[in-house]
Structures are given as structure tokens and as C-alpha cells.
Amino acid sequence: MLPVAGGLYISRAVAKTLRETVGREPVLVVGDAGAGKSAVIQDLASARLGDEEVIVLRASDVAGTNRLVTNAPLQEVLRAWAGPPGLLVIDGVDALRGSEDREYLSSIVAGLAGTRWQVVASARSFDTRNSQPLQRAFAGEPVSMEGSMVDPQLSAVRHLLVADLSDDDLNQVIVAPMPVAEVLAEAAPDLRKLLRNPFNLRLAATLAGQMTAGQHAELVSVRSRVELLGHYWTWRIRNQDKTARDALLKRLASSMLTNRRLQTTEEEPTVRETDSVALESLLSQSVLSALDGPIPGVGRVLAFSHNILFDYATAIYVLYHPLDATGLVKSLDADPILPLVARPSFDLLVDLLWQARATGGFWPVAFSVAGSEHVLASLAVASRVVNLAHDPNDLLELASNGHGSSGSNEHLPRQRFTRQVIGAIRARAVVPDLTTAMLPLATLAKQLAENAEASFEDAALATDLLIALHFRAPVSAKEPDAAGIAERAAAIAMLLDAAPSDPARRERMAGLLVRQAVAVVGISSEVRAAMHRLLNSDAALAQWGGTVLTWFPEAVAPAMAHDPDLARRLAVISMTFEETRDEDVAFGGGSVLPLRESRKQQSQHAAWRLGEEFPKICADDIVTATDIICEVLGAADSADDPEMWPMFAHGVTGWLEHGYGFGVDFHSQDNEQKMLSALADALVEQEIEAAQPVVTLLVDKVHNTGVWAALMESPRQPAALCRALFPAFESGSLLTHPDTFSQAATLLKAAATEGTVPHQDLEAVVGEALKLVDQNGRSEYVKDVLVGCLDVDAITDESIAAHRASVGEKAPDIPAPPSMITQALPYSPIDHLLEGGVTVGPQVAAAARDLHTALDKLDDNEASDPDAIAQLVDMFALAHDVFAAAETTPSQIQYLLVDAARRLARAKDITPEHVRGPLVIKVLAEAAGCSDAGTFLS
């Protein structure tokens, strides 16, 4: 009911919802202070009164020293009272400031479960969120799913949220000629939002009824509840007999706070005989209310007419010490649980002090509390400050005197307070919305970062603050100009620059910062420049290793559009960093189950992450992705004769490494293979013009045949990949080199089958390849395979057509690509040779191992497994080419080739007409005519 002529009742939708709620379970009506909870449950009581028995009690009637006197506990009295369904309303549970009283009240609710009595109580949202007894007593699902009537933090409580009034509510009922309507019409958005709260609206209506023009101007400039309360106190309480009224209110508030009750008896020493005039005037103005005690007419009980008035009185009369910044700490020393029993008063006190911060009213008190042992009080202050800060420089006092704690393990009070501010940010229940505080918090992070070089503590605080902000409000590339983003990025850049000053101590910090940098590297030139400088800090990177490397791959893609060189550097070091330390470092987990990993594993994880990120990197910038591959994997094992395997494309020339390279060992799960597979998949999606710079880079810089082989290994679209890579095929080297022959031939055959490349062009590259076969001493079998890859009906070149005709109706199959075994291997002749000090090239050794493995799978008879025979055929031909290309091959290894020919000659499917038949005969004939024939191998 508003204090206007004739009174004014505002109908609430939430009251209608409560009236229409079915079921008899207990319901807790919650909401912020002054939201109108009491009115809503009184509406329910009135609606039920005609149909059932209704009992309305204040919480103080149920628990506390002034509770109703009954012969038995209240729940037993009510259980024994037989009759139809009844309603028990308990208003103002937040008035019970003692935990024991709330526990007792909760036991009453539990004791009435299943009886005819439905319990409906009201309590502030804050008290409910922080009271396990209340949550247990009213456990269940929310009454309504309507968003405006549910507190998300009370999802396990059967509750109904009373929110503030809506603009429609105000516009419909606050109309001229009401004096408050004029105030509302002139109200700025902040004041209008403030007046949606029924208690605030009631105060404004009270003040608007009797105001001067100057007071009207002051009222419409109000922006906070403490300002509104301040005007109310000045114009309605302190407007006369100020000293007497202040003294009385101070004693009343102190008594109530000490006794943990929002009521006190009208007696000495709280109420003195000289207080008569002040007391009656405060009662007449509805600042206070008076009730009879248990015996009517004997010993009145006094209370504030609203709990918020008590909270404000406690803040200004009990907690505030105008001449002593340490006064609040002294009060806490005397009563350490004040932050729990008087939390609303703490919030109002902080609001009042915050308003006076320009005149030194806030920070001395805040730092005094932060430097004390009263952590709960300091947390209460810190959490409230986050909700109040809105100007960029509001929090810069927390970054002053940036020299840390002078080497001590104790933090300065400002640093302790800053840590508590960071804790408040992380808790959504404490700071539901960071929007207004984002810029001052980001500005604080930047200022702390400026202290980072001189103060490790401030550097750590800045890092923690940035992490907390990212947790609550992640940076989005879609909103690069959002409030605080520039300041956060600047802070990250400064902290990255400061981290190498003490690499060992700041290692964990560096890892956290690089992870933060990932979010802003695409939108901040400062961060990109800092990352470049970080990559130049060899000593720091050597210390940090995988701690920072782990996050580099995620920064590659966002950096690429703005700084391809940075993207390349980040990717390259992720793959090439050599970690030699085996020491353990923290991997994750908690104090109960901490997880560890070695430095080497940590470093390897970075390479794995790059492999996982590479498809996105290729999709964003395929040229930079190719450049990364060239730098990481392009170098060859040897460059003995670049003329032997020439490469050229689009005006650049290159070469493949000499001999049987085996380059890198590529398996389907290897990081390198994932990178190359990602590049191949991206390459086939490019138009020919877009693919040209990629092929040009590969031809110019990749000499490692293992890289080319892996790039062409099992692509999703082999014909399309052949089309994209075709300029690199034109020299014939990829089609004839032992390391790339199988993969390139597979692409060639797919292109011929699907027609993705003009057949005459395919014939031209095969012609070049045939020349290289002769030039480099490769076998006729390679020629047969390549010619067989072409479409026999589409061949126009006469010499190739003749060669194809000589191969026969069925061309030889493309052999499986060579592989290097890198895990535990069975003993083979190569091991015996190596143990004896014989020098064997890696290509020969690999081919010998593969051939020996294939021989081991065969029984020495004609009925061997066809698949084993087919594998031996492939390994036999491959080994022959490798051994022939080698400068020298020991007799023991040559014997493997002879043994393979012997076994193949005994296989019924290997006849002189077989594609490998002539080679088997050739090897056996050469062995029979060898000068070493008939001697023992040793």
C-alpha cells in the first residue's frame, strides 16, 4: 500500500500465481529487500481466509526470545488441532538474524509436513541462498517456471520469486495528480529502475508528498537506495529533534543487533524516560512500530517499520565510525560474526562509504578491514564494491604502490583486498552481472600489469584477474570493441613482457598468460608484438617448455589473418622444440588426485595440439599452413645430387633427396601425418589459381621425400589431389622416386580414371618419368606400373602406347608404399651386420627388414598363403630397386634377395609370364654366376 491519498494497492502477477498454486507443499516466497514479499503472502492469506483456517505469524513470533508462549512446541500444537486444510503464514524469516532461530523455524516447517497445514513463509533471496536449514525445509521444485518468478540459484527449493515492479506496473498505477507521478515522469533510467522496488517507491511517495522545489530536484537526481534513504533520514527523521532521535535510533539498532532480534522491549537502558517525545514522533511517522508483548498493555515491543530501515540505522549508527577508519575493525573484534548477522547493513555501509570515496571515506576503511583477520567482512566489502564500480578509474587505488610486500610472504592490505575482489568476480551468486564493472576491472588489470616488472605479487594478481574476467566474460572476436577488451589485451601484453624477467618463478604465470593471449591475439597488435618478443626469449622458452608451448597451437589460427609470420613461428616451435628434461610437472587434477606428466610429454602435447588444429589453420590460410610444413618438415636428409630428382613448378626449381629416403616415419596418428593430411584435404578444395602458391612453396622448399609421400598418402579425393599437385608431377620425379612412386602412381591412376587432368598431360608426365627411370637405374617394373596407370583407350603417344601394349592385357598393380618399422622388431640379418660393425645405409636397412619380415611369413612350400606371396612380391621388387641404387650392398643382405627369388620361384602362381617372373629369373641367374657362389656367408 502506497502512502497516497486514499491508499494505493498495486496488483502483482506473482501474487496471482501464488494464489493459484495447487498442492499443499510448503512454499518459500523470496525476493530482494523491499520487493513486496509480505504483501504477496498477505494477499494469499486474505484469499484463503474464506475457505480454510489461516494463521499469520511473524517469524519473531515463531522463534527468538519474543516467540509466542505455548504449552508445547508450535508444531505439536498445530498437529493436534484437528480440522479442514489450513494455512500457516510466517512472514519475515530474514528478521531472524541468528542461525539457531532459523534452524528452529525450519524444524517447525518439517514437523508440519504431511499435516493439514500448508506453510508459506517469506525470506530475502540472499538469506535463503546462504541458509541450509531454509533450503532443507522448503526442498522441492520452484512453484513457477516463469523466468521472472524463479531464482536460478534456488533450483532445488520450492520457492516463488517476487521481483521488482515492471514499467507497465508503474505506468498503470502511478498517475497524476499523485506527487510521486511527477517524480517518476522526470526520473532518469537509474532512478526509474530504483523505483521499481516497492520499498523504494514507498519512500519516494512519502517524500514526494511534502517537498520543496529544491528537494524535488534532489530527489529526481537520486541514483541509489542509500541516496534515497539519506534524503528520507534528512527530511523526515533529522528534520527536528535530530540529536534525540539519532540517539534513540542508535540504541534501538544496537540492542537489536546485540540480541540478534529485529525487536526490542521499550525499557531502560535502550529506551530512556527522556526519549518519550522522540519515540512518539518516530512512531507517528511510521519509522518505528510498537506491538504489545505477550500480556496486552504491559511492556511494548518496538521494531523498525521495515527491515531495511533497521539495516540502514545499523549501518550509520553502529557500523560507521566517522573519525576512525579502524572503527569497523574494532566492532568486528568485539563481534566477529557481524558480517553474517548484519550483512544487509554491511552492504549499505559500503554503499555509503563508496559514495564518499572522493573525500577519503572508502579506501581507508576497506584496507583496514582487508588487513585484519576478519575475512568474512572483507569479502562482504569486496563483493559489494564489484557491484558498485562503473567508472574506469574506480578501482585504481588497488594498484597503487606497486612494490609488493617487500619480499615478505604477507600481502599488502590492498593486494589482499584485490584477491577478494577477484574471488567475488568468480562467484555469479555474488556478482550476477559484470557489465558495469567490466571496464574498471579491466583498467585495474592493466594498472597492475604495469607494476608487474617490479612486483611479482601484482603480476600474479593481474593474471588472476584476467583469468577471472575471461571465465565470466570470454573475449569474442565478434565484439573486439566491447568494454574492457583493449585494457585486458594491453595487460596481457605487459605481463608477457615481464614474464621472462624471472623465468623460473613466473613459469606457471607465463602458461596462464599465453592461454589468455590466445583469446586476444587476433584482435590486439600489442599482444601479437609481445608474442614475438616472447618467442625471442630463448632462455625463458627453454625454462618453460611445454608450459607455454601447449597453448601456442591454438594461437596460430587467430594470429594468421593479422600476422602470418607470428602464426608460422608459433607453429614451428610447437613442432620443433627439443625437450630433454624428464622431470615431472603438474598436469591437472586436484589436491586429492593430482596428475603429473613429464616435461617431454608436455612438449609432445604441443605437437599433438598443432596436429589437431591444423585443419582449421589450413582452412583459414592454406599458404601460411604450407609455409609451416615447409619449415618444419621440408629439409632433406641429403642433397648429394639435386640433378638426380629435379622438381619445378610455376617458375621455381627444387629437388628431392637422393636415394631411398624414408624421410620421416609417418603413421596415421602421427602429428606430421595429420598436418599433411589436413593440407591435402584443404588443397583439393582450392581453385587451380589458389593452389599454385601452395605447390610452388612445396616444390621450392620440401626436399624430404617422406613429406611428399605422406601428403599423397590415402587422400579422400586422390584424383582432385592429383589435379592440384599436377605441376609438381611434371618433372617425373614424384612418379619415379622410390619413396614417392607408389603414392604418386595412385594419384595418377585416379586422375586418369576420373578425367580430372587432360590425358595428354598425364602422358607427358609419364614420359618424363620414364626418362628418369632410365637415367637413375630404376627397374622396368616401375615403367610398367606407370604406363599401366593410364587409360589404355585414351593413350595418344605412340611410344607409350607401344610400351603399354608390351605390358599385356593386365597391367601390374601399384605396389604398397614402403614403410619403416619403428617399434620392436624381430631379429634379422641386418642386426647381425650392425652388431659386427658393418655400415649400412638407412634405406637399404629398411628395405632389408621389410623383405626379411615378408620372408618370415612364408612356409617353405608351394602352398603358401596367397596374401603372403603377394606381399613378398612387392617387397622383393622394392628391395631390388633399393639395393640396385645403393653404392654397396653387403653379401648377407643380397642373399635376402636371392632367398626371396628362390621362394617365389617355388610358388605356383609365379611363372615366367608373371609380371615379376623375369625379375625372379634375373636374380637367380645373377646369383648362380656370382664369384661368391658356393661360399659360406660370414
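Just so it is clear, the model here is predicted, and its values are computed rather than measured.

Reading the values: the criteria
Residues numbered from 1 in each chain as written. Predicted model: local features only at pLDDT ≥ 70, side-chain atom pairs only at ≥ 80, totals over all residues. Heavy atoms only, no water. Helix = DSSP H or I, 4+ residues; strand = E, 2+ residues; numbered from the N terminus. Buried < 20%, exposed > 50% of the residue type's maximum accessible area, 1.4 Å probe, protein only. Contact = heavy atoms within 4.5 Å. Areas by Shrake-Rupley, 256 points an atom, 1.4 Å probe, with all protein chains shown as cover. Pairing = 2+ DSSP bridges. Axes fitted to C-alpha atoms, helices over the stretch in contact; angles between N-to-C directions. Salt bridge = Lys/Arg side-chain N within 4 Å of Asp/Glu carboxyl O. Parallel < 35°, antiparallel > 145°, perpendicular 65-115°, else oblique. Core = buried A, V, L, I, M, F, W, Y, C linked by side-chain atoms within 4.5 Å. Expected span 1.5 Å × (residues − 1). Phe/Tyr/Trp six-rings, centres within 6.5 Å; stacked < 30°, edge-to-face > 60°. Lys NZ or Arg CZ within 6 Å of the ring centre and 35° of its normal. Patch = residues over 30% accessible without salt bridge, like charges linked within 9 Å, V, L, I, M, F, W, Y side chains within 5 Å. Left-handed = near helix turned anticlockwise from the far one by under 90°. pLDDT = per-residue confidence, 0-100.

Focus: the overall build of the chain
Alright, step 1. When you go through the chain residue by residue, the secondary structure sums to 47 helices and 12 strands.
Alright, step 2. Out of the 938 residues belonging to the chain, those deemed buried represent 53%.
Alright, step 3. Counting only contacts in the chain whose residues sit at least 6 apart along the sequence, the fraction spanning at least 24 positions is 72%.
Alright, step 4. Surface accessibility of the chain: about 41400 Å² in total, with carbon and sulfur atoms responsible for 52%.

Examining the sheet that holds strand 3 (residues 86-91)
Alright, step 1. Taken together, five strands build an open sheet; the order of strands is 2-3-4-1-5 and the sheet is parallel. What marks the edges here is a single partner per strand, and that holds for strand 2 (53-58) and strand 5 (159-161). When strand polarity is set aside, the average angle formed by the axes of neighbouring strands in this sheet is 20 degrees.
Alright, step 2. Looking at chain direction, strand 1 (residues 27-31) and strand 5 are connected through three bridges and run parallel. Opposite L28, over in strand 5, you have H159 as the bridge partner.

Considerations on the pattern of salt bridges
Alright, step 1. Per the counting criterion, the structure on display carries 41 salt bridges.
Alright, step 2. Notably, a salt bridge pairs E20 with K16, separated by 2.8 Å at the nearest N-O pair.
Alright, step 3. The class of K16 is partly exposed, set by a relative accessible area of 42%.
Alright, step 4. Each of R24, R48 and E52 takes part in salt bridges that share partners, so that together they form one network.

Considerations on the sheet that holds strand 7 (residues 288-291)
Alright, step 1. Sheet architecture is open: three strands sit in the order 6-8-7, paired in antiparallel fashion. Of all the strands in the sheet, just strand 6 (264-265) and strand 7 have a single pairing partner and so form its edges.
Alright, step 2. Pairing geometry for strand 7 and strand 8 (residues 301-304), over four bridges, is antiparallel. Across the sheet, L291 pairs through a bridge with V301, a residue of strand 8.
Alright, step 3. The strands touched by helix 15 (residues 276-284) are strand 7 and strand 8; relative to strand 7, the strand with the most contacts, the crossing angle is about 100 degrees.

A look at the packing of helix 39 (residues 741-754) against helix 41 (residues 780-788)
Alright, step 1. With their axes 10 Å apart at the nearest point, helix 39 and helix 41 run at an angle of 25 degrees to one another. In terms of axis orientation, helix 39 runs roughly parallel to helix 41. Where helix 39 abuts helix 41, its residues F741, A745 and L748 lie against Y781, V782, V785 and L786.

Overview of the nonpolar core
Nonpolar side chains in soluble globular proteins generally cluster together in the buried interior.
Alright, step 1. Among the nonpolar cores identified, the biggest contains 253 residues, and F417, F552, W708, L725 and F729 are the most heavily contacted of them.
Alright, step 2. For F417, the contacting residues outside a window of four places in its chain are F362, W363, A366, F367, A370, S378, V381, A382, V385 and L398.
Alright, step 3. The next biggest cluster of nonpolar side chains, apart from the first, holds 25 residues, and it includes I55, I108, A137 and L161.

Comments concerning the environment of L395
Alright, step 1. Position of L395 among the secondary structure elements: in the loop between helix 21 (375-388) and helix 22 (413-426).
Alright, step 2. In this structure the C-alpha to C-alpha distance between L395 and L439, which are 44 residues apart in sequence, comes to 10.0 Å.
Alright, step 3. Residues within four places of L395 in sequence aside, it is in contact with W354, W363, V385, A389, P440, L441 and L444.

Considerations on the environment of V421
Alright, step 1. Tracing the backbone through its elements, the reader meets V421 in helix 22.
Alright, step 2. If near-sequence neighbours (up to four positions away) are discounted, V421 is found in contact with A382, V386, L398 and L441.

A closer look at helix 25 (residues 485-498)
Alright, step 1. Counted at 1.5 Å a residue, the expected span for helix 25 with its 14 residues is 20 Å, and the 20 Å between its end C-alpha atoms agrees.
Alright, step 2. Within helix 25, 10 of the 14 residues are buried, which leaves it mostly tucked inside the rest of the structure.
Alright, step 3. Those residues of helix 25 not exposed but buried are I485, R488, A489, A490, A491, I492, A493, L495, L496 and A498.
Alright, step 4. Against helix 23 (438-450), helix 24 (456-472), helix 26 (507-520) and helix 27 (525-535) lie the buried residues of helix 25.

Observations regarding the packing of aromatic side chains
The relative placement of two aromatic rings is captured by the distance of their centres and the angle of their planes.
Alright, step 1. Counted by the stated rule, this structure contains 11 aromatic pairs.
Alright, step 2. Between W354 and W363, the aromatic rings sit 6.1 Å apart at their centres with planes inclined by 70 degrees, giving edge-to-face as the arrangement.
Alright, step 3. Given a relative accessible area of 10%, W363 falls into the buried group.
Alright, step 4. Positioned over the ring face of Y781 is R916, at 2.4 Å from the centre of the ring.

Looking at a nonpolar patch on the surface
Alright, step 1. On the surface, I337, L340, V375, L376 and L379 cluster together into a nonpolar patch covering about 430 Å² of accessible area.
Alright, step 2. Looking at the nonpolar patch, the element that brings in the most residues is helix 21, giving three residues.
Alright, step 3. As for its placement among the helices and strands, L340 is situated in helix 18 (residues 338-341).
Alright, step 4. Classification of L340 as exposed rests on a relative accessible area of 57%.

With respect to the pairing of strand 1
Alright, step 1. Strand 1 sits mainly inside the fold: five of its five residues count as buried.
Alright, step 2. Across the two faces of strand 1 the burial is the same, with V27, V29 and G31 and L28 and V30 all buried.
Alright, step 3. In this structure, strand 1 lies alongside strand 4 (residues 117-124), joined through five bridges in parallel fashion. Counted as the bridge partner of V29 is S122 from strand 4.

With respect to helix 20 (residues 363-370)
Alright, step 1. Burial analysis of helix 20 places seven of its eight residues in the buried class, which makes it a mostly covered element.
Alright, step 2. Buried within helix 20 we find W363, V365, A366, F367, S368, V369 and A370.
Alright, step 3. Tucked into the core, helix 20 has its buried residues touching helix 17 (327-334), helix 19 (343-355), helix 21 and helix 22.

Looking at the pairing of strand 4
Within a regular beta strand, the side chains point alternately toward one face of the sheet and then the other, so they alternate between its two faces.
Alright, step 1. Along strand 4, eight of the eight residues are buried, which leaves the element largely enclosed by surrounding structure.
Alright, step 2. On strand 4, burial covers both faces: W117, V119, A121 and A123 on one face and Q118, V120, S122 and R124 on the other are all buried.
Alright, step 3. Here strand 3 runs beside strand 4; their pairing, made up of five bridges, is parallel. Among the inter-strand pairings, L88 is bridged to a residue of strand 4, identified as V119.

Some remarks on the packing of helix 33 (residues 622-633) against helix 34 (residues 671-683)
Two numbers describe a pair of packed helices, the interaxial angle and the distance between the axes.
Alright, step 1. As a packed pair, helix 33 and helix 34 sit with axes 11 Å apart at the nearest point and diverge in direction by 150 degrees. Viewed along their axes, helix 33 and helix 34 adopt a mutual orientation that is roughly antiparallel. In the crossing of helix 33 with helix 34, the sense of the turn from one axis to the other is left-handed. Together, I622, T626, I628, I629 and L633 of helix 33 and E672, M675, L676, L679, A682 and L683 of helix 34 make up the contact between the two elements.

Points about unusual backbone geometry
Alright, step 1. In this structure, P177 follows A176 across a cis peptide bond, with omega equal to 10 degrees.
Alright, step 2. Along the chain, the position of P177 falls in the loop between helix 8 (167-173) and helix 9 (179-186).
Alright, step 3. A cis amide bond, omega -5 degrees, links E268 with the succeeding residue P269.
Alright, step 4. Position of P269 among the secondary structure elements: in the loop between strand 6 and helix 15.
Alright, step 5. Positive phi values are uncommon outside glycine, yet H650 reaches one of about 50 degrees.
Alright, step 6. Mapped onto the elements of the fold, H650 is located in the loop between strand 11 (646-649) and strand 12 (652-655).
Alright, step 7. Residues other than glycine seldom take positive phi values, yet S714 does so here, at roughly 45 degrees.
Alright, step 8. Note on placement: S714 falls in the loop between helix 36 (705-711) and helix 37 (718-729).

Things to note about the confidence of the model for the chain
Alright, step 1. Across the chain, the average pLDDT comes to 87, with 90% of residues at 70 or higher.
Alright, step 2. Between residues 661-669, whose pLDDT stays under 50, and residues either more than four places distant or in other chains, the model counts 35 contacts.
Alright, step 3. Note that residues 820-827 has pLDDT below 50 and, in this model, 13 contacts with residues that lie over four places away or in other chains.

Quick word on the environment of V520
Alright, step 1. Take V520: it is sitting in helix 26.
Alright, step 2. Taking the C-alpha atoms as reference, V520 lies 8.6 Å from R488; in sequence the two are 32 residues apart.
Alright, step 3. Not counting residues within four places of it along the chain, the set of residues in contact with V520 comprises V475, A489, I492 and V527.

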